[in-house]
Amino acid sequence: LLRLRLGLPLTHHQELYPCFFCHRPLADSYGGHALTCMFGGERTRIHGVMCTVLHRYASEAHFLARREVTVYRGSHSADRIDLVLRGYIPRPAALDFALTHPLRDTVSSDAAALRPGGAASAYERTKRLRYADLITDGTFDFIPLIVDTLGAWGVSSQAYFQKVANAIARRT
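These numbers were taken from a predicted model, which means no experiment stands behind them. (Residues numbered from 1 in each chain as written. Predicted model: local features only at pLDDT ≥ 70, side-chain atom pairs only at ≥ 80, totals over all residues. Heavy atoms only, no water.)

Colleague: Honestly, the packing of aromatic side chains in this entry has me stumped. Any pointers?
Modeller: The geometry of an aromatic ring pair is captured by two quantities: the separation of the ring centres and the angle between the planes. Under the counting rule described, the total for this entry stands at four aromatic pairs. Ring centres of Phe 97 and Trp 153 lie 6.1 Å apart, and the angle between their planes is 50°; this geometry places the pair in the tilted category. Here Trp 153 lies in the loop between strand E4 (141-148) and helix H7 (155-171) and Phe 97 lies in strand E3 (residues 93-100), a separation of 56 residues in the sequence. Taking the relative accessible area as the measure of exposure, Phe 97 reaches 3% and is therefore buried. Classification of Trp 153 by relative accessible area gives partly exposed; the value is 21%. (Phe/Tyr/Trp six-rings, centres within 6.5 Å; stacked < 30°, edge-to-face > 60°. Helix = DSSP H or I, 4+ residues; strand = E, 2+ residues; numbered from the N terminus. Buried < 20%, exposed > 50% of the residue type's maximum accessible area, 1.4 Å probe, protein only.)

Colleague: Got a minute to help me understand the side chain of Ser 157 in this structure?
Modeller: Assignment of secondary structure puts Ser 157 in helix H7. For Ser 157, the contacting residues outside a window of four places in its chain are Glu 124, Pro 144, Leu 145 and Ile 146. (Contact = heavy atoms within 4.5 Å.)

These results come straight from atomic positions and should not be treated as a statement about function.
Structure below.
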């Protein structure tokens, strides 16, 4: 971890190696690809654990929560939503959790550098574009819950957590 923080190579090998998870020839000796690969086993485990935690707290807030809901879009298209909440005023809410890294190629380095959570907020916009039809047809309130690997949450996540915390506080 210290070598990573100081920008020193993590291995003695200078050549590129194929990534074990995504098979792209980007695994470098400085660990950059290891931090940003979207196919790594740890990311999948973190995603599963976070979906379980989000489900538990939504249930404690007395939202009717369902995990891994398939939402059909168009005649041949379907997506999996991590969590669908009923009782979330005014419409059901579709929550999609994701983990990103400020150094990912698809994240604007400007957004990541401007403020804590900038990378997460930038990825929220990507998720909103992906699920634009769910938003525009009025079926769901779409809430992207994005956290970056450094622990900062996006703006939508913060507003959602505040709503859940208030609902739990009213119950107790």
